[in-house]
Amino acid sequence: GQSLEQPSEVTAVEGAIVQINCTYQTSGFYGLSWYQQHDGGAPTFLSYNALDGLEETGRFSSFLSRSDSYGYLLLQELQMKDSASYFCAVRTYNQGGKLIFGQGTELSVKP
Amino acid sequence: ETGVTQTPRHLVMGMTNKKSLKCEQHLGHNAMYWYKQSAKKPLELMFVYSLEERVENNSVPSRFSPECPNSSHLFLHLHTLQPEDSALYLCASSQAPPARDGYTFGSGTRLTVV
C-alpha cells in the first residue's frame, strides 16, 4: 500500500524555526511535494524534491532522502501568517502522476 | 484567483437531490483530479483524468459520477448522497506526466448533505 506519516500538529513562536517531518511508503516514487492550506482555502504548492538534498525557496526549505523514504519542510523566521496546515504528498509515476497526501500538520504560530 | 475555478463554493443538498460540481482550468494542463477532504483526514483521491481519459477511479461509490468533456473542464455529478459525504471537494490540475511544478488546486466546494 501507500502511506505517509507526519505529525498532526506543531506549535512555535514568531521568529522561530520549525521542521515538519514526513515519512512515506509507496511504489513508483517520483518525488515529494509540500502544500500549504489556510483554513477554508485551497492547498497551494510550496516545494518539490525529486532528488536527495535540500531545496530552498525564501524562508521555506524542503529536504528529501530517498534511501530513508523521508523528507521535511523547514520554515524559518516564522510569521503569524504561516499558521496553516502543511501537507506532504508523494507523486508517483502511475496513472497521470497522481499525488498521495499525508494527513497534514497543523502549524500554530504564537506571538 | 488560483487558475482553477470551482463552483459553487458552498452547496447544501438533500439525500434525494441531484447536483453537479464544476471545475474549470485555463492553465494549459492536461490532467485533472477530484479530491475529497474531510475533517482530520488526508485528502482522498477520487478520480484522475489524463488527456481527458479517466485513468483512475479510486473505489468511489457510484453515487459520485465524474465527467471530463475537454481538457479545461471537469464535473462531479452527485445523486442520492449520504450525510457522510459532507466534505470539501477539491479539484486540481497539473501537467502529466509529472513535472517539477505541482498541482494547482481550486478553492473547493463545501458540500453539506442533509
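Residues numbered from 1 in each chain as written. Chains lettered and ligands numbered in written order. Predicted model: local features only at pLDDT ≥ 70, side-chain atom pairs only at ≥ 80, totals over all residues. Heavy atoms only, no water.

Enquirer: Could you give an account of the interface of chain A and chain B, with specific residues and numbers?
Expert: Chain A puts 21 residues into the contact, and the matching count from chain B is 28 residues. Of the roughly 1900 Å² buried between chain A and chain B on both sides combined, carbon and sulfur atoms contribute 54%. Viewed at the interface, chain B and chain A are joined by 0 salt bridges. Within the residue set of the side of chain A that touches chain B, elements represented by two or more residues are strand 4 (29-37), strand 5 (44-49), strand 9 (84-92) and strand 10 (99-101) of chain A. Taken together, the residues of the side of chain A that touches chain B sort by class into 9 nonpolar, 8 polar and 4 charged. (Contact = heavy atoms within 4.5 Å. Buried area = accessible area lost by both parts, 1.4 Å probe. Salt bridge = Lys/Arg side-chain N within 4 Å of Asp/Glu carboxyl O. Helix = DSSP H or I, 4+ residues; strand = E, 2+ residues; numbered from the N terminus. Nonpolar A, V, L, I, M, F, W, Y, C, P; charged D, E, K, R; others polar.)

Enquirer: Can you explain the pattern of salt bridges? Please cite residues and give values.
Expert: Opposite charge on two side chains permits them to pair, given that their charged atoms come into close proximity. If you walk through the whole model with that rule in mind, you get 3 salt bridges over all chains. Taking the shortest distance from any N to any O, the salt bridge between A:Arg59 and A:Asp82 comes out at 2.8 Å. Here A:Arg59, found in the loop between strand 6 (53-57) and strand 7 (60-65), pairs with A:Asp82, found in the loop between strand 8 (70-75) and strand 9; they are 23 residues apart in sequence, far enough to count as distant. Like A:Asp82, A:Arg59 is buried. Across the salt bridge formed by B:Arg63 and B:Asp85, the nearest N and O atoms sit 2.7 Å from each other. Taken as a pair, B:Arg63 in the loop between strand 6 (53-57) and strand 7 (64-70) and B:Asp85 in the loop between strand 8 (73-79) and strand 9 (87-94) lie far apart in primary sequence, 22 residues in all. When its relative accessible area of 3% is taken as the criterion, B:Asp85 is described as buried. (Buried < 20%, exposed > 50% of the residue type's maximum accessible area, 1.4 Å probe, protein only.)

Enquirer: A description of the state of the cysteines should follow, citing residues and the corresponding values.
Expert: Residues and elements named next belong to chain A. What the rule picks out here adds up to 2 disulfides over all chains. For Cys22, the disulfide goes to Cys88, at an S-S distance of 2.1 Å. Around the S-S axis, the bridge from Cys22 to Cys88 shows a dihedral of about 75° and counts as right-handed. A residue pair is termed long-range when its members are at least 10 positions apart, and Cys22 in strand 3 (residues 18-25) and Cys88 in strand 9 qualify at 66 residues. (Disulfide = S-S within 2.5 Å.)

Enquirer: Lay out the pairing of strand 3 of chain A with the relevant residues and their values.
Expert: Within a regular beta strand, the side chains point alternately toward one face of the sheet and then the other, so they alternate between its two faces. Residue and element names in this part refer to chain A. In strand 3, alternate side chains face the same way, and those of Val18, Ile20, Cys22 and Tyr24 are buried while those of Gln19, Asn21, Thr23 and Gln25 on the opposite face are not. Note: strand 1 (residues 3-5) against strand 3, 3 bridges, orientation antiparallel. Along strand 3, the bridge assignment pairs Glu5 with Thr23. Bridge analysis of strand 3 against strand 8 gives 6 bridges, and the strand direction is antiparallel. Bridging from a neighbouring strand, Ile20 pairs with Leu73 of strand 8. (Pairing = 2+ DSSP bridges.)

Enquirer: Account for the environment of B:Pro69, with residues named and values stated.
Expert: Residue and element names in this part refer to chain B. Along the polypeptide, Pro69 turns up in strand 7. Residues Pro69 and Glu52 lie 17 residues apart in sequence; the distance between their C-alpha atoms is 7.1 Å. Among residues more than four places away in sequence, those in contact with Pro69 are Glu52 and Phe75.

Enquirer: Give a description of the pairing of strand 4 of chain A that names residues and reports values.
Expert: Residue and element names in this part refer to chain A. Most of strand 4 sits inside the fold, with 8 of its 9 residues counted as buried. Across 8 bridges, the pairing between strand 4 and strand 9 is antiparallel. Note on strand 9: the bridge partner recorded for Gln36 is Tyr86. With 5 bridges connecting them, strand 4 and strand 5 associate as antiparallel partners. Across the sheet, Trp34 pairs through a bridge with Ser47, a residue of strand 5. In sequence, strand 4 turns back onto strand 5 through a hairpin of 6 residues, with Gly40 there showing a positive phi of about 80°.

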